[in-house]
Amino acid sequence: MSDVEITGLTVIGHDGPMVQPIDAVIGAGRTLALIGESGSGKTLTAKALIGLLPRGFRAEGSVRIGERALALDSSQPAWRSARGGTVTLLLQDPFTSLSPVHRCGKQIGWTLDAAAGRRLPRAERDRLVADRLDEVKLPAHVARSFPHQLSGGMRQRVAIAAALAADPQLIIADEPTTALDASNQAEILDLLRSVQRARSLCVILISHDLGMVRGRTDDVLVMRHGEVVERGATADVLAAPQHPYTRALIEADPTMTVAPPPAAAAPVDEAGLLLSASGVDKHFGERQVLDGVALDIAPGQIAGVVGESGSGKSTFARCIAGLESEDAGSIVFDGVPLAPGRRSRTPEQMQIVFQDPYSSLNPMMSIGAILREALGVAGRPATEVAELLTTVGLPADFARKRPAELSGGQRQRVAIARALAPNPRLLICDESVSALDVSVQAQILTLLTRLRDELGIAILFISHDLAVVRMLADTVTVLWNGRVVETGPCAQVLTEPRHEYTALLVAAARRENTHPALESPKKD
């Protein structure tokens, strides 16, 4: 394998240059990290390198991958032959790269057939698919599953298996582990690292998580507003940053070893609870995803729920919000039992903020129209759009923009603004900061804390990131395989965990023992 050389990479959009000229060399078997806030140009850089810029954008410059040289303004036929076999892009959202109507094994098989240049015999294809799934720590039977039948983490591992199937020379990984819990993040990134070294592949890792970049990449480019403001060996840049922006990113990075936990929450009388869930069960077919889950939230309290991908966190949140109907158990809001489903919920009771704002914001509507619609439902005047935007740290003139014109972090803040429109008493945040860079993440966490303090709003905060939960939550409930294994004050549970599984999560969040990745405890 040879190295990758990037020369004069520039991205030009509607309003002029979006990414200033970038030069970089990636040696065989080495990883280059691109870090920076949402909107810094990281993803545009990645898409320019694979010829997938959105309409209205164009690239200049060139890239040499081994012996193959490509102009970045190449025609589609030139890039079509390069994608897959020469360069592969791993996307943040596996739903973007996986077909929802085809089984996972078939989709991996497409990549294998393309790499072979012919349709492989079924027995050979099935064997290779099983091998690829085993590489990403998934059982062979996942090949028979559809993407929607898997957890978010499992879906991303399927996407990674498909990307690696073609044996590319350059892998561009754009936030490939954002939606995963800490132990699975380590497992996937360590897997990519080991495969890369074994095959002498070049990797570009785009991430906002400095903890994931540290120790897993060789060199780093720090980007801000489309410009590289600092570059060098990763260990050197993160240990002794020279640029103020790099220092600010590092200072905003939430880590278990630095962030002080919030004060332990005072005991709450059961009669004063805002929400009380008990004995909640949920099945999808024959699979039980929630088993007797219980949780109490007091007014003005932030309650965290943590666990690995597939632990039941999001399903539990959706049952509380009425987006799923529980099979058994009770959910009581302000002393009134709620029937399963949406009919017994009102906008003023609770609102939910999802992980992916692009899926929940209408791409055909302006931001102003989206917020005016939400304000109208709440009986509030449309003139309060600017106030909502300001509350979540966005300028008022964003009302004229559409979701596609915003970065991921900006879209998520719009989603939070929309959820705040009805003045809900309970805000459910389902992985709502997992896709944000550390500085924007810190701003959103500060915003949520301020909303709690000023409005008395309660927050149910679902996350796989224990460092973030420790910074924000008063109490924490740990889910594993749909069951509550530990609950209590956040400071106590995440400092002195009593359950084996909680201890594993805490160790992974502290970036400890990630080589090899931690394994979940065995079932009783």
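Where an unreviewed UniProt entry is consulted, the protein chain appears under the name ABC transporter ATP-binding protein, with the organism given as Microbacterium gallinarum. Quoted verbatim from the Sequence similarities (unreviewed entry) field of the UniProt record, the comment on the protein chain reads "Belongs to the ABC transporter superfamily."

(A) View of the overall build of the protein chain. In terms of helices and strands, the protein chain carries 19 helices and 20 strands. In the protein chain, which comprises 524 residues, the share counted as buried stands at 55%. Nonlocal contacts in the protein chain, meaning residues at least 24 apart in sequence, comprise 68% of its contacts between residues at least 6 apart. Counting only carbon and sulfur atoms, one obtains 50% of the accessible surface of the protein chain, whose full area is about 22,200 Å².

(B) The arrangement of the sheet that holds strand β18 (residues 458-463) in detail. Read across the open sheet, the 6 strands follow the order β16-β17-β18-β13-β19-β20; overall the sheet is mixed. Every interior strand has two partners, whereas the edge strands, β16 (350-353) and β20 (483-489), have only one. Pairwise comparison of adjacent strand axes, ignoring direction, gives a mean angle of 15° for this sheet. The pairing of strand β17 (residues 426-430) with β18 spans 5 bridges and is classified as parallel. If you follow Leu426 over to β18, its bridge partner there is Ala458. The sheet contacts of helix α16 (residues 438-455) involve β13 (302-306), β17 and β18, and relative to β18 the element is tilted by about 155°. On the sheet, helix α19 (residues 500-509) packs against β19 (475-480) and β20 and is oriented at approximately 105° with respect to β19.

(C) Here's a closer look at the nonpolar core. Membership of the largest hydrophobic core comes to 53 residues, with the highest contact counts inside it found for Leu427, Leu448 and Phe461. Setting aside anything within four residues of it in sequence, one finds Leu427 in contact with Gln351, Val353, Ala419, Leu420, Leu448, Ile457, Ala458, Ile459 and Leu460. In terms of nonpolar packing, the next biggest core, distinct from the first, is built from 33 residues, Leu90, Cys104, Leu138 and Leu201 among them.

(D) Examining unusual backbone geometry more closely. Phi angles above zero are rare outside glycine, and Glu431 is one such case at about 55°. Relative to the helices and strands, Glu431 resides in the loop between β17 and α16. Here Glu431 falls in the buried class, since its relative accessible area comes to 5%. Residue Asn481 is not a glycine yet carries a positive backbone phi of 50°. Inspection of the secondary structure puts Asn481 in the loop between β19 and β20.

(E) Local environment of the packing of aromatic side chains. Going through the model one piece at a time under the given rule, you end up with 1 aromatic pair. Look at Trp480 and Tyr501: their rings are 5.6 Å apart centre to centre, the planes differ by 25°, and that puts the pair in the stacked class. Taken together, the residues span a long stretch of sequence, with Trp480 in strand β19 and Tyr501 in helix α19 at a distance of 21 residues. Each of the two residues, Trp480 as well as Tyr501, counts as buried. The side chain of Lys401 reaches across the aromatic face of Phe398, ending 5.4 Å from its centre.

(F) Representation of the pairing of β20. Pairing analysis gives 6 bridges linking β19 to β20, with the strands arranged antiparallel. What sits directly across from Thr477, in β20, is Thr487. The antiparallel pairing of β19 with β20 creates a hairpin that spans 2 residues between the two strands, and Asn481 there sits at a positive phi of about 50°.

(G) View of helix α1 (residues 42-50). The element α1 is largely enclosed, with a buried count of 7 among its 9 residues. Taken residue by residue, α1 has Lys42, Leu44, Thr45, Ala46, Ala48, Leu49 and Ile50 as its buried positions. Downstream of α1 by a residue or two, Gly51 has a phi angle that is positive, lying close to 70°.

(H) The arrangement of the pattern of salt bridges in detail. Under the definition given, this model contains 17 salt bridges. Residues Glu324 and Lys282 are paired through a salt bridge, measuring 4.0 Å at the closest nitrogen-oxygen approach. Here Glu324 is found in the loop between α11 (313-321) and β14 (328-333), whereas its partner Lys282 is found in strand β11 (residues 275-284), with 42 residues between them in sequence. Each member of the pair, Glu324 as well as Lys282, carries the same accessibility label: buried. As a salt-bridge pair, Arg452 and Asp453 come within 2.8 Å of each other at their nearest N and O atoms. Owing to a relative accessible area of 16%, Arg452 belongs among the buried residues under this scheme. Judged by its relative accessible area of 53%, Asp453 is exposed. The network of salt bridges with shared partners includes Asp3, Glu5 and Arg64.

(I) A look at the packing of helix α4 (residues 104-116) against helix α5 (residues 122-135). With their axes 9 Å apart at the nearest point, α4 and α5 run at an angle of 105° to one another. Between α4 and α5, the interaxial angle falls into the category roughly perpendicular. Across the interface between the two elements, Gly105, Ile108, Gly109, Leu112 and Asp113 from α4 touch Arg125, Leu128, Val129, Arg132 and Leu133 from α5. Grouping the constituent residues of the contact of α4 with α5 by class yields 5 nonpolar, 2 polar and 3 charged.

(J) The arrangement of the sheet that holds strand β12 (residues 287-297) in detail. Across the sheet, 4 strands lie side by side as β12-β11-β14-β15; this open sheet has antiparallel pairing. Sheet topology places β12 and β15 (336-338) at the edges, where each strand pairs with a single neighbour. Averaged over all pairs of adjacent strands, the angle between strand axes in this sheet comes to 30°, irrespective of strand direction. Sheet analysis places β11 next to β14, joined by 5 bridges and oriented antiparallel. Residue pairing in the sheet places Asp281 in a bridge with Ala328 of β14. Each of β11, β12 and β14 is contacted by α11, which is oriented at about 60° to β12, the strand it contacts most.

(K) Geometry of the environment of Arg193. Of note, Arg193 is situated in helix α7 (residues 182-199). Counting along the chain gives 162 residues from Arg193 to Thr31, while the straight-line C-alpha distance between them is 8.4 Å. Every residue in contact with Arg193, bar those within four places of it in the chain, is listed here: Thr31, Arg216, Thr217 and Asp218.

(L) Spotlight on the side chain of Thr217. With respect to the secondary-structure elements, Thr217 resides in the loop between α8 (210-213) and β9 (219-224). In terms of polar contacts, Thr217 uses its side chain to reach the backbone carbonyl oxygen of Val213, at 3.1 Å. In terms of polar contacts, Thr217 uses its side chain to reach the side chain of Thr234, at 2.9 Å. Once residues lying within four places of it in the same chain are set aside, the contact partners of Thr217 are Thr31, Ala33, Arg193, Leu205 and Thr234.

Definitions and cut-offs
Residues numbered from 1 in each chain as written. Predicted model: local features only at pLDDT ≥ 70, side-chain atom pairs only at ≥ 80, totals over all residues. Heavy atoms only, no water. UniProt positions renumbered as here; feature names shortened; annotations may be inferred. Helix = DSSP H or I, 4+ residues; strand = E, 2+ residues; numbered from the N terminus. Buried < 20%, exposed > 50% of the residue type's maximum accessible area, 1.4 Å probe, protein only. Contact = heavy atoms within 4.5 Å. Areas by Shrake-Rupley, 256 points an atom, 1.4 Å probe, with all protein chains shown as cover. Pairing = 2+ DSSP bridges. Axes fitted to C-alpha atoms, helices over the stretch in contact; angles between N-to-C directions. Core = buried A, V, L, I, M, F, W, Y, C linked by side-chain atoms within 4.5 Å. Phe/Tyr/Trp six-rings, centres within 6.5 Å; stacked < 30°, edge-to-face > 60°. Lys NZ or Arg CZ within 6 Å of the ring centre and 35° of its normal. Salt bridge = Lys/Arg side-chain N within 4 Å of Asp/Glu carboxyl O. Parallel < 35°, antiparallel > 145°, perpendicular 65-115°, else oblique. Nonpolar A, V, L, I, M, F, W, Y, C, P; charged D, E, K, R; others polar. Polar contact = N/O pair within 3.5 Å; in protein donor to acceptor, adjacent residues only side chain to side chain.

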